[in-house]
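Descriptive analysis of the structure
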Amino acid sequence: LNLESFIHVCLTGLSTGMFIWLVASGLTLIFGVLGILNFAHGSFYMLGAYFCFSVLRLVGGNFWLGVLIGPLCVCAAGYVIERWFLRYVYHLALPYQLLLTFAFVLLFDDLVKILWGAGSIGSPTVAGLSGSVAIMGRNFPTYSLFIIAVGPLVALGLWALIEKTWYGRIIRAASSDREMAAAIGVKVPLLFTGVFMFGTWLGAVGGALAVPFVGLLTPGMGEMIIIEAFVVAVIGGLGSLKGAFLGALIIGLLSSFGTRFIPTFDMFLIFILMAAVLIWRPQGFFGEAS
Amino acid sequence: MEKKGLTRRGFIKTGLLTAGAVTLGTGIAKPTGMWAATPKVKGPIKVGYQAIMSGTLAGYGEFHKMGATMAMEEINAAGGIAGNQLMVEYRDSTLQTPEAIQNARYFVDSWGADFLAGIDSSGQALALAPVMAELDKILMVTHAATEKLTEEQVYKNGIKQIFRICNATYQDGNAAAFVAKDLPAKSWATVSPKYEYGYTCWEMFKNTLTALEADVTFSAESWAPFGTTDFRPHINTILDAKPEGLYSTEWAGELIAFVKQAKQAGVFERIKHVMFPVGAAMDVLEGLGDDMPDNVWISGRYFFLYPNNKRNNDWVARFHKRWNHYPAYVSETGYSTMYAFKKAVEESGSKETAAIVQALEGMMLDTPAGYRIFRKEDHQAIYDVPWGLTVSDAKYPFKIMGKQVMVTAKECFNRPPFEGPGTRPPY
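Residues numbered from 1 in each chain as written. Chains lettered and ligands numbered in written order. Predicted model: local features only at pLDDT ≥ 70, side-chain atom pairs only at ≥ 80, totals over all residues. Heavy atoms only, no water.

Some thoughts on the overall build of chain A
Each helix and strand in chain A was counted, giving 11 helices and 4 strands. Taken over the C-alpha trace, chain A has a radius of gyration of 19 Å; the compact-globule value for 290 residues is 19 Å, and the two agree within 12%. Taking the principal axes of its C-alpha atoms as reference, chain A extends roughly 60 × 50 × 35 Å. In chain A, of all internal contacts separated by at least 6 residues, the share reaching a separation of at least 24 is 77%. Looking at chain A, you have 13 positive and 11 negative side-chain charges, and the mean spots of the two groups are 8 Å apart. (Helix = DSSP H or I, 4+ residues; strand = E, 2+ residues; numbered from the N terminus. Rg over C-alpha atoms; globule rule 2.2 N^0.38 Å. Contact = heavy atoms within 4.5 Å. Lys, Arg positive; Asp, Glu negative; His and termini not counted. Charge placed at Lys NZ, Arg CZ, Asp CG, Glu CD.)

Right under this line is the structure:
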């Protein structure tokens, strides 16, 4: 094992981890506040990518405009889902909520096939970020470095929002005791819609940023990432953003090192870790024991 | 309609006459007319077609459908199969084995299919073989490529109901090794799918290349599970091994993602000889566009610019007019499958499985990909597809095969004799 290889495996793991974090953050936020395990989060990721791609086509290739506008379109879908569907199942058992969100996964997959076609679409390259930089004599994609930088920024932003702002305090209040918050005048339904839309937006931004990272748009592209995001959320403690961030880092590095050094078991490693965490600390690293 | 009906009756009359002549004349006047010996075939000819139509590979299902549907339209417009309408129903195979078996049973037991076709996954194809034997209906495989299907299930286990119209892993493994032996690369590595298809191709490539070129080495292999979108960890493995040649049977969207990510990591500058056995797929070429590097070796199960003759070029033009797409290889195999069924029914004058098996065995079929012959022993269609180097062409918004090398099917589909020395690579 030489240093060049080691550094590249590390960087690759970091970029993979930060990428999963971008998707897992919205999932975790929604679970933490609304208590909904949202399978359709992978669909938001997919829609984010497709909308970003379409905006890119319309405005002639400005990727950043795509990242800005695309996810906002998906937010509208988030509004409809929360306001007109999820709101009616909050009081039901978890399986009903899972079934409902899973129904949306199927709906959105077909919607994408109708709107954009069933085939895969190669993504456009991003000016300025499509190249690579030489690190220890080997090329590392600039865009991966960008993802490594964005991850912690999103984490910092979320932390500041929830811990340091007035909105954050209301969100925390409503998530710890819905009825009490309502009693002191918090408009809980409105708040839930807002948080759900924000979580949707985060997932969609992850999808938009995936356009150049994965290099490919396909119907069903959200199904793989959502599994990883779930693993991350479980390891970190469902609902804990801090935990999801740490979990994503661990999963990213584990998959990078696993693929490189113990290739036979690379998939196995991630799930064995999840199993181990569930046995020794069922609530995850930062989850609260119930 | 009325007029057509008259013609049809006329034809059937001629058919009956010819058939009569044959029985009397001990085969001197062999029936060659359209429905020459077919008065007993009744009712629509129903083909149950299953392919992947959901998830990330849904585009393949669409391409299967385009080819098979176009053949159906053409055949029905020209009077159907032995005067009967051809009907095709499609189902999503989902790539899951239980689903494939369920579909097959539905098609045969509930829908009343006469023939089955399709199948993308090697695992599904292998699992379906005994089911087809039990159902006693013919399955024409149009995409799944593992050689075990035809070698073991058909040849060894004697399951006569399976035929394969697409080329097999011989093209991906053997033919690739024939091309690789003439390249200066002496060490090879792979990033390939972590399932049956990926393993069997790499094994064949290694064995054949070692037999052809004793001093070749294989320095790294990295197996990407189905659904991999992040190939960067695999790329690290390859770059660490510093091979001179890269061989990858990644396909469809995963190949697109792999090439894009490999390009960013500078793989194509470091490794000069790259081979993608299924890189000549239209979804890959169109999906990558300019991102496909030049001078990469690609092949497939059919490439729309080969053979460059009137038969194929006319077909491609018709296909493009009908669907606004260039035909993918599964479009060609799906299309030709319908004509294989048509020819078999019309030649045998029956849609009974035993008669169709007999008609298909050794049949020579004129298809867009060229003449195919269904080998009697293992039911594998023999036809040639070139390997070629990618190049830009002003006529197309994607890379095409430039310089081509032909390893003929006769050379590289290396069995029969199927038993004894020389049947397994190295041979």
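Points about the pairing of strand S12 (residues 370-374) of chain B
Residues and elements named next belong to chain B. With 4 bridges connecting them, strand S11 (residues 364-367) and S12 associate as antiparallel partners. By the bridge assignment for S12, Asp-366 is matched with Tyr-371. What sits between the antiparallel neighbours S11 and S12 is a turn of 2 residues. Alignment of S12 against strand S13 (residues 381-382), held across 2 bridges, turns out to be antiparallel. Counted as the bridge partner of Phe-374 is Ala-381 from S13. Here S12 folds back onto S13 in antiparallel fashion, the turn holding 6 residues, of which His-379 has a positive phi close to 65 degrees. (Pairing = 2+ DSSP bridges.)

Side note on the sheet that holds strand S3 (residues 115-118) of chain B
Residue and element names in this part refer to chain B. Spatial strand order, S2-S1-S3-S4-S5: 5 strands in an open sheet with parallel pairing. On the outer flanks of this sheet lie strand S2 (86-92) and strand S5 (162-164), each paired with one strand and no other. Going across the sheet, the axis of each strand differs from the next one's by a mean of 25 degrees, ignoring polarity. Where strand S4 (residues 138-141) lies against S5, 3 bridges are found, and the strand directions are parallel. Bridge pairing in S5 places Val-141 opposite Arg-164. Strands in contact with helix H2 (residues 58-77) are strand S1 (45-51) and S2; relative to S2, the strand with the most contacts, it is inclined by about 170 degrees. Contacts from helix H5 (residues 147-156) reach S4 and S5 within the one sheet, and its direction differs from that of S5 by about 150 degrees. (Axes fitted to C-alpha atoms, helices over the stretch in contact; angles between N-to-C directions.)

A short note on the packing of aromatic side chains
This model, assessed by the stated rule, comprises 49 aromatic pairs over all chains. Here the aromatic rings of Trp-21 of chain A and Phe-245 of chain A are separated by 5.2 Å at their centres, their planes lie at 90 degrees, and the arrangement is edge-to-face. Placement of Trp-21 of chain A in helix H1 (residues 3-34) and of Phe-245 of chain A in helix H10 (residues 241-261) is noted, with a sequence separation of 224 residues between them. Trp-21 of chain A gets classed as buried once you look at its relative accessible area, which sits at 1%. The exposure class assigned to Phe-245 of chain A is partly exposed, which follows from its relative accessible area of 21%. Centroid distance Tyr-195 of chain B to Phe-226 of chain B: 6.1 Å. Interplanar angle 65 degrees. Geometry classified as edge-to-face. Linking Tyr-195 of chain B in the loop between strand S6 (187-193) and helix H7 (196-212) with Phe-226 of chain B in the loop between strand S7 (217-224) and helix H8 (232-241), this pair joins segments that are 31 residues apart in sequence. Each residue in the set Phe-44, Phe-85, Phe-104, Phe-108 and Phe-196 of chain A is aromatic and connected to the rest through ring pairs, giving one cluster. We note Lys-46 of chain B situated over the ring of Trp-111 of chain B; from NZ or CZ to the ring centre the distance is 4.7 Å. Above the plane of the ring of Tyr-106 of chain B lies Arg-91 of chain B, whose end atom (NZ or CZ) is 4.1 Å from the centre. (Phe/Tyr/Trp six-rings, centres within 6.5 Å; stacked < 30°, edge-to-face > 60°. Buried < 20%, exposed > 50% of the residue type's maximum accessible area, 1.4 Å probe, protein only. Lys NZ or Arg CZ within 6 Å of the ring centre and 35° of its normal.)

What to know about the pattern of salt bridges
What the rule picks out here adds up to 27 salt bridges over all chains. With a shortest N-O distance of 2.5 Å, Arg-260 of chain A and Asp-240 of chain B are connected by a salt bridge. Of this pair, Arg-260 of chain A sits in helix H10 while Asp-240 of chain B sits in helix H8, each in a different chain. Both residues of the pair, Arg-260 of chain A and Asp-240 of chain B, count as buried. Taken together, the salt bridges that share partners define one network made up of Glu-4, Arg-138 and Arg-260 of chain A together with Asp-240 of chain B. (Salt bridge = Lys/Arg side-chain N within 4 Å of Asp/Glu carboxyl O.)

Re the interface of chain A and chain B
The partner chain B presents 35 residues to the 40 residues of chain A that form the contact. Summed over both sides, the interface between chain A and chain B buries roughly 2800 Å², with carbon and sulfur atoms accounting for 49% of that surface. Our count for the chain A to chain B interface comes out at 2 salt bridges. At the junction of chain A and chain B, the tally comes to 16 residue pairs in polar contact (both at pLDDT 80 or more). For the side of chain A that touches chain B, the secondary structure elements donating two or more residues are H1, strand S3 (138-141), helix H5 (142-164), helix H8 (188-214), H10 and helix H11 (266-280) of chain A. With 7 residues, H1 of chain A is the largest single contributor of residues to the side of chain A that touches chain B. (Buried area = accessible area lost by both parts, 1.4 Å probe. Polar contact = N/O pair within 3.5 Å; in protein donor to acceptor, adjacent residues only side chain to side chain.)

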